[in-house]
Amino acid sequence: MNEIQLHRIDLNLLVIFEALMEESTLAAAADRLAVTPSAVSHALGRLRTQFGDPLFVRVGGKMQPTAKAVQL
């Protein structure tokens, strides 16, 4: 089982993660954080790499969290 190494994670990415969990769309998360949707998308890519999981998958027009994202 892969162990999460918090010392390797940019903790600023957790703000993006939280916004996506609560807003369910990249655009809404970006508006909430006053950044571009592209910045949220890039941050999500970094999160996916760090956690080795997609974390969110597109279902319809929304981003649905994976089981690992919910666990986090």
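Attention in this report is confined to the structure presented alongside it. As the structure is a computational prediction, the values presented were derived from the model and not from experiment. (Residues numbered from 1 in each chain as written. Predicted model: local features only at pLDDT ≥ 70, side-chain atom pairs only at ≥ 80, totals over all residues. Heavy atoms only, no water.)

### As for the nonpolar core
One recurring pattern in soluble globular proteins is that nonpolar side chains are buried together.
Item 1. In this structure, Leu-20, Val-40, Leu-44, Leu-47, Leu-55 and Phe-56 are the most contacted members of the largest nonpolar core, which totals 18 residues.
Item 2. At the level of secondary structure, the elements contributing two or more residues to this core comprise α1 (13-23), α2 (26-33) and α3 (37-51).
Item 3. Beyond its immediate stretch of four places on either side in the chain, Leu-55 contacts Leu-47, Arg-48, Gln-64, Pro-65, Thr-66, Ala-69 and Leu-72. (Core = buried A, V, L, I, M, F, W, Y, C linked by side-chain atoms within 4.5 Å. Buried < 20%, exposed > 50% of the residue type's maximum accessible area, 1.4 Å probe, protein only. Helix = DSSP H or I, 4+ residues; strand = E, 2+ residues; numbered from the N terminus. Contact = heavy atoms within 4.5 Å.)

### So, unusual backbone geometry
Item 1. Residues other than glycine seldom take positive phi values, yet Ser-24 does so here, at roughly 70 degrees.
Item 2. Note on placement: Ser-24 falls in the loop between α1 and α2.
Item 3. With relative accessibility at 21%, the residue Ser-24 sits in the partly exposed group.
Item 4. With a phi angle near 60 degrees, Ala-34 is a residue other than glycine that sits in the positive phi range.
Item 5. Counting through the fold element by element, Ala-34 comes out in the loop between α2 and α3.

### Here we look at the pairing of strand β1 (residues 56-59)
Item 1. Bridge analysis of β1 against strand β2 (residues 62-65) gives 4 bridges, and the strand direction is antiparallel. Bridge pairing links Arg-58 to Met-63 in β2.
Item 2. Adjacent in sequence and paired antiparallel, β1 and β2 are bridged by 2 residues, among which Gly-60 carries a positive phi angle near 65 degrees. (Pairing = 2+ DSSP bridges.)

### Overview of the pattern of salt bridges
Item 1. Counted by the stated rule, this structure contains 3 salt bridges.
Item 2. Across the salt bridge formed by Glu-22 and Arg-32, the nearest N and O atoms sit 2.5 Å from each other. Taken together, the positions of Glu-22 in helix α1 and Arg-32 in helix α2 put the pair 10 residues apart, joining distant regions of the chain.
Item 3. Residues joined in a network through salt bridges with shared partners are Glu-22, Glu-23 and Arg-32. (Salt bridge = Lys/Arg side-chain N within 4 Å of Asp/Glu carboxyl O.)

### Remarks on α3
Item 1. In a regular helix each residue adds 1.5 Å, so 15 residues correspond to 21 Å; α3 covers 21 Å between its end C-alpha atoms and thus fits that length.
Item 2. Within α3, burial applies to Val-40, Ala-43, Leu-44, Leu-47 and Phe-51. Burial along α3 is one-sided: seen end-on, the buried residues are contained in an arc of 105 degrees. Turned more than 90 degrees away from the buried face of α3, the exposed residues are His-42 and Thr-49.
Item 3. Close packing links the buried residues of α3 with α1, α2, β1, β2 and α4 (67-71). (Expected span 1.5 Å × (residues − 1). Arc of directions from axis to C-beta.)

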